[in-house]
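Below, each chain spelled out in residue letters.
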Amino acid sequence: MVGIGERTDLAGALTENLETFGRLLERAEEMLRGRRPLASAVYAGIAANYAMSHHTGLFTSFPLEALLQRIGRESVADISSGPSEPVELPEWRSQGRSPHHVLHVLTRGQGIGGDTRMVWRWIQQDRERRHSVALTRQGPHPVPHALRGAVSAAQGQVHVLNRQRGNLLTWAATLRGIASAADMVVLHVHPYDIIPSLALAKKQQLPPVIFADHADHAFWAGAEVSDVVAGLRESGSRLAQERRGISPERCAVLPIVVPPMKRTFSRDEAKRRLGVPESAVLLLSIARPHKYRPVGGLDFLEGVLPALERCPQAQLWLIGPDQGEPWTGAAERTGGRVRVFGQRADTALFYQAADVYVDAFPIVSITSLLEAGSYGLPLVSRCWPGAVDTVLCADTPGLSGCLIRACGSFYDDLVRLVEDASYRSAVGEHTRAIITGAHGEDNWQRTLESVYRQAGALRLADTAPAAETLRPAAVRRGSPSVGDLSQATEMDAWLVRLFDSEPDLQSIIQFHLQLLPLDLRLAHWFSLLRTNRSSRGEGRLPKSEGCFPKGEGRFPSPGLLLPEWLGSAVGRKRTSAAQRGST
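Cut-offs and rules
Residues numbered from 1 in each chain as written. Predicted model: local features only at pLDDT ≥ 70, side-chain atom pairs only at ≥ 80, totals over all residues. Heavy atoms only, no water. Disulfide = S-S within 2.5 Å. Helix = DSSP H or I, 4+ residues; strand = E, 2+ residues; numbered from the N terminus. Buried < 20%, exposed > 50% of the residue type's maximum accessible area, 1.4 Å probe, protein only. Salt bridge = Lys/Arg side-chain N within 4 Å of Asp/Glu carboxyl O. Contact = heavy atoms within 4.5 Å. Pairing = 2+ DSSP bridges. Right-handed = clockwise from strand over helix to strand, strands pointing away. Phe/Tyr/Trp six-rings, centres within 6.5 Å; stacked < 30°, edge-to-face > 60°. Lys NZ or Arg CZ within 6 Å of the ring centre and 35° of its normal. Axes fitted to C-alpha atoms, helices over the stretch in contact; angles between N-to-C directions. Parallel < 35°, antiparallel > 145°, perpendicular 65-115°, else oblique. Left-handed = near helix turned anticlockwise from the far one by under 90°. Nonpolar A, V, L, I, M, F, W, Y, C, P; charged D, E, K, R; others polar. Expected span 1.5 Å × (residues − 1). 1 Å grid on protein atoms, 1.4 Å probe; cavity = no way out; pocket = protein on both sides within 12 Å on 5 of 7 lines; lining within 4 Å. Points joined across faces, edges and corners; volume = space filled by probe spheres on them.

## Side note on the state of the cysteines
Here is step 1: Taken as a whole and judged by the stated rule, the model has one disulfide.
Here is step 2: Between the sulfur atoms of C383 and its disulfide partner C393 the distance amounts to 1.6 Å. Between C383 and C393 the sulfur-sulfur dihedral comes to about 115°; the bridge is accordingly right-handed. Of the two residues, C383 is situated in the loop between β12 (379-382) and β13 (404-406) and C393 in the loop between β12 and β13; the sequence distance between them amounts to 10 residues. The residues C383 and C393 share a single accessibility class, namely buried.

Here it is, written out as structure tokens:
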């Protein structure tokens, strides 16, 4: 439980974060009052990014959603290339039937990680429909081949918005035009991505919208434009209702589709190919580096090393973390039985060689859990203290029936799995059956059809927008609101710790710098330059009252002065030149 002193510190941290978010939002509103909708939209995105990265006690913001609605209606809908005159609804939509053409909207497609993988697997499995993809801020980064291939096979198109000359508002208008030609829109965007909120603000003649809540533990924008919020975890769906104010009829739980994982090698052969000793019991963990970063005195290794010391035949291999500490020290402590491989996409052979899968910690990695379990591996996951049934644990559908989960030490569970091969095999086969049943193609397709129909029926009924329910009375039910942070829960305490090492405000502003109009871009760039030259610099917003915290960002690159579309073009040319030079 959160103690009195700890609660005071928590309330202070939440208050400070909330005040900074409020000032950023006020700056966005100030810009709109000054008839600068582009600047307003960018500052709104900065505010959302800050709230995502620094827990404020809030998971959504009605004022932010309302501001984005106003900008979208006044500055995006009118310049959209979509239909400007009322048109007759397609027959399927007017009758609430299932869609034919689905548009998936992502912020950026990546070859590593579960978010983009979910999209291309969705497209591959939902094969009776046409699927297209719109990427809002892909920039110079290559679109993953698997994503392009899935879209091509589904007779769709890939649209990369921020490679087109323009800005947030024109990209949002382009997205609106693309969406108007689809039958259903699914948002898989990053929490700070406001382009869909701008594009879909004026709902008339637009298709239903499903929000895939893949970042359910964080603040996000988009509640107002979404007809259905599809959680990927039971806890995420509960939180959407209790802390985001989304009404129950607008919530759903959608499994993460996992295709059948067919072995191409036996476990022994896979081990031989990787150089794992035949007698070794291989513990495997796969996640992006930040999911292993210690938080609040808790770290991944403290839960695993005691079992490795007890079981000399056990080895721990991790895909994702970078070389260096604490992994180097762990390798020395275990005589080289801890190895890290960095981020890589070719994980199939590692899964096939492994005996036991150990979930990332302090942040769970659900896609990796499901993939490992579908190969027949026992799954072990550690939960935060007191965090059962919250968004800090792995509770996607089906896992409760097979996951070995511990809120303290899972030493005994790991030791038994390492030492008892028959038990290990039985647990693994049970896990495979459970995951196949919950996340296999048949059950996933049935659930998806239900979610499609749910979104279509809600749009047909033209019920009140989701964000209209975000009233203080809705969030006072045991949750902190803007006016009462004394109701902070233990989950909020852990979330404050979890986000404590996230980018500071300076870094967040720098990330969005190329989106701002030129005068504000220049002003911020020189402010960042002054901050980095002086230890006393405060990194203020131009013409502000000095209310923003001190930042310690890196020296700002002159390339940040380019608008984002041009910076993306330059980045792509450099990448192409580097690739040619390496061949």
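## Quick notes on the pattern of salt bridges
Here is step 1: This model, assessed by the stated rule, comprises 24 salt bridges.
Here is step 2: Ionic pairing is found between E26 and R33, a salt bridge with its closest N-O pair at 2.6 Å.
Here is step 3: Exposure remark for E26: the relative accessible area of 35% places this residue in the partly exposed category.
Here is step 4: Accessibility expressed as a relative area gives 53% for R33, which makes it exposed.

## Observations regarding the side chain of S40
Here is step 1: Topologically, S40 is positioned in helix α2 (residues 37-53).
Here is step 2: Assessed through its relative accessible area of 0%, S40 is described here as buried.
Here is step 3: Once residues within four sequence positions are removed from consideration, S40 is found in contact with A28, E29, M31, L32, L67 and I71.

## Some remarks on the pairing of strand β2 (residues 130-135)
Here is step 1: Of all six residues in β2, five are buried, a share of seventy percent or more.
Here is step 2: In this structure, strand β1 (residues 101-106) lies alongside β2, joined through six bridges in parallel fashion. The residue bridging H101 from the neighbouring strand is R130, located in β2.
Here is step 3: For the crossover from β1 across helix α5 (residues 114-125) to β2, the handedness is right-handed.
Here is step 4: The pairing of β2 with strand β3 (residues 158-160) spans three bridges and is classified as parallel. Across the sheet, the residue bridging to A134 is H159, located in β3.
Here is step 5: Between the parallel elements β2 and β3, the chain passes through helix α6 (residues 145-153) in a crossover that is right-handed.

## A look at the packing of aromatic side chains
Here is step 1: One pass over the full model with this rule turns up 15 aromatic pairs.
Here is step 2: Pairing F361 with W384 gives two aromatic rings, centres 6.2 Å apart and planes at 50°, and the pair type is tilted. With F361 in the loop between β11 (356-358) and α14 (366-374) and W384 in the loop between β12 and β13, this residue pair connects regions lying 23 residues apart in the sequence. Of the two residues, F361 and W384, both sit in the buried class.
Here is step 3: Feature note: the residues Y292, F300 and W327 constitute an aromatic cluster, connected by ring pairs.
Here is step 4: The positively charged end of R137 is found above the aromatic ring belonging to F511, 4.6 Å away from the centroid.

## A few points about the sheet that holds β1
Here is step 1: Reading across the sheet, the seven strands line up as β3-β2-β1-β4-β5-β6-β7 and stay open at both edges, with parallel pairing between neighbours. Across the chains shown, the open sheet's two edge strands, defined by having one partner strand only, are β3 and β7 (251-253). The average angle at which neighbouring strand axes cross in this sheet is 20°, direction not considered.
Here is step 2: Taken strand by strand, α5 contacts β1, β2 and β4 (184-187), and its axis lies near 170° from that of β1.
Here is step 3: In the packing of helix α7 (residues 168-180) onto the sheet, the strands contacted are β1, β2, β3 and β4, and the crossing angle to β1 comes to about 155°.

## What to know about the pairing of strand β5 (residues 209-213)
Here is step 1: Among the five residues that make up β5, five are buried, leaving the element largely enclosed by the rest of the structure.
Here is step 2: The side-chain alternation of β5 yields two buried faces, one formed by V209, F211 and D213 and the other by I210 and A212.
Here is step 3: Two elements, β4 and β5, share three bridges in a ladder whose sense is parallel. Along β5, the bridge assignment pairs L187 with F211.
Here is step 4: Strand direction decides the pairing type here: β5 and strand β6 (residues 228-231), joined by four bridges, are parallel. Across the sheet, I210 pairs through a bridge with V228, a residue of β6.

## Some words on the packing of α5 against α6
Here is step 1: Viewed as axis vectors pointing N to C, α5 and α6 meet at an angle of 25°, and their least axial separation amounts to 9 Å. With respect to each other, α5 and α6 are oriented roughly parallel. Regarding α5 and α6, the two cross each other, and that crossing is left-handed. Residues T116, V119, W120, I123 and Q124 of α5 form the contact with α6, whose participating residues are A146, L147, A150 and V151.
Here is step 2: Of the residues assigned to the contact of α5 with α6, the class counts are seven nonpolar, two polar and no charged.

## Focus: helix α17 (residues 441-461)
Since the α-helix turns once every 3.6 residues, residues separated by three or four places project in the same direction.
Here is step 1: Given a rise of 1.5 Å per residue, 21 residues ought to cover 30 Å, and the 30 Å separating the end C-alpha atoms of α17 matches this to within 8%.
Here is step 2: Of all the positions in α17, only W444, Q445, T447, L448, V451, Y452, Q454, A455, G456, L458 and R459 are classed as buried.

## As for empty space enclosed by the protein
Here is step 1: All chains considered together, the criterion is met by three cavities of 30 Å³ or more.
Here is step 2: What the largest cavity holds in volume is close to 70 Å³.
Here is step 3: Grouping the constituent residues of the lining of the largest cavity by class yields seven nonpolar, two polar and two charged.
Here is step 4: Approximately 50 Å³ is the volume found for the second largest cavity.
Here is step 5: Lining of the second largest cavity is provided by L106, T107, R108, Q110, D115, T116, H188 and H190.
Here is step 6: Its residues assigned to classes, the lining of the second largest cavity shows one nonpolar, five polar and two charged.

## Overview of the layout of surface pockets
Remark: the empty space left among the atoms is shown by a probe the size of a water molecule rolled over them.
Here is step 1: Considered as a void within the structure, the second largest pocket measures approximately 500 Å³ in volume.
Here is step 2: Contributing to the lining of the second largest pocket are 22 residues, with P140, Q514, E564, G567 and S568 lying nearest its centre.
Here is step 3: Here the lining of the second largest pocket gets six residues from one element, more than from any other, and that element is helix α22 (residues 564-581).
Here is step 4: The residue inventory of the lining of the second largest pocket, partitioned by class, reads six nonpolar, 12 polar and four charged.

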